[in-house]
Structure formats: C-alpha cells, structure tokens
Amino acid sequence: MNGQNRKNIQIGSEVYIILKKDQRSGKRTKGIVKDFLTKKPFHPHGIKVRLQDGQVGRVQEVIM
C-alpha cells in the first residue's frame with residue numbers, strides 16, 4: 001500500500017519512509033510508526049510520520 005492516505009497507516013505499522021536528506025537519492029528507511037505529523041487525510045508526497053527510533057520522513061510504502 002502506498003503512504004499517501006492516512007487511513008492506510010496506523011501507529012505500530014511497519015513502513016518504508018524517505019527522509020528529507022534522502023529525497024534526491026530515493027533511499028528508503030524501514031521502521032515502525034510512532035506518531036503522525038501530517039494532520040490531513042491525504043498528502044501527494046506521503047504522510048509525514050515519526051518512527052519509534054525518532055527519524056522523521058514521508059511514508060512511501062506500508063508493509064503488510
């Protein structure tokens with residue numbers, strides 16, 4: 001699932017995000033969602049989240 005719709009992501013979900021510093025390279029980081037930073041239900045670049053390890057980025061894919 002893609003990370004553009006907030007309804008597809010839940011706290012505790014395992015996801016791939018792209019960190020701000022990795023936007024050009026497209027390098028993805030895997031982690032577990034701690035909380036949401038995007039308030040809206042949809043964002044074209046991905047919902048911004050904070051992972052349990054403190055990293056912040058936009059969700060590219062939700063791992064099922």
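Quick summary incoming for the structure in this document. Every chain begins its residue count from 1, and numbering advances along the sequence as written. Reporting in this predicted model follows two pLDDT cut-offs: at least 70 for local features of residues, and 80 or more for side-chain atom pairs to be given and counted; totals over whole chains, interfaces and linings ignore these cut-offs and use all residues. Here the side-chain values reflect all heavy atoms present in the structure, with hydrogen atoms and water set aside.

What follows deals with the pattern of salt bridges. Between Lys or Arg on one side and Asp or Glu on the other, a salt bridge is scored when a side-chain nitrogen of the former is within 4 Å of a carboxyl oxygen of the latter. A complete count under the given rule lists three salt bridges for this structure. For Glu-14, the salt bridge identified is with Lys-30, shortest N-O distance 3.5 Å. Here Lys-30 lies in strand S2 (residues 29–36) and Glu-14 lies in strand S1 (residues 14–19), a separation of 16 residues in the sequence. Each residue's exposure class comes from its accessible area (1.4 Å probe, protein chains only) as a fraction of the maximum for that residue type: buried when under 20%, exposed when over 50%, partly exposed otherwise. What makes Glu-14 partly exposed here is its relative accessible area of 33%. Given the relative accessible area of 46%, Lys-30 is considered partly exposed. Arg-50 serves as the salt-bridge partner of Asp-35, at 3.1 Å between the closest nitrogen and oxygen. Within this pair, whereas Asp-35 is found in strand S2, its partner Arg-50 is found in strand S3 (residues 48–51), the two being separated by 15 residues in sequence. Among the residues examined, Asp-35 registers a relative accessible area of 24% and is labelled partly exposed. We classify Arg-50 as partly exposed; its relative accessible area is 29%. Numbering of helices and strands runs from the N terminus; a helix is a DSSP stretch of H or I covering at least four residues, while a strand is a stretch of E covering at least two.

Think of a pair of aromatic rings as described by two things: how far the centres are apart, and how the planes are tilted against each other in angle. The aromatic pairing rule takes the rings of Phe, Tyr and Trp, using the six-membered ring of Trp, and pairs them if the centres are within 6.5 Å, calling planes under 30 degrees apart stacked, those over 60 edge-to-face and the rest tilted. On inspection of all chains with the given rule, the structure shows zero aromatic pairs. The positively charged end of Arg-6 is found above the aromatic ring belonging to Phe-36, 4.3 Å away from the centroid. Between the NZ or CZ atom of Arg-28 and the centre of the ring of Tyr-16, over which it lies, the distance is 4.2 Å. Criterion for a charge above a ring: Lys NZ or Arg CZ within 6 Å of the ring centre, and within 35 degrees of the ring normal.

To continue, consider the sheet that holds S2. Taken together, four strands build a closed barrel; the order of strands is S1-S2-S3-S4 and the barrel is antiparallel. The average undirected angle you get between the axes of adjacent strands in this sheet is 70°. By definition, two strands form a pair when at least two bridges between them are found by DSSP. Alignment of S3 against strand S4 (residues 56–62), held across three bridges, turns out to be antiparallel. Each bridged residue has a counterpart across the sheet, and for Lys-48 the counterpart in S4 is Arg-58. Think of each axis as a best-fit line through the C-alpha atoms, taken over the contacting stretch in the case of a helix, with angles from 0 to 180 degrees between the N-to-C directions.

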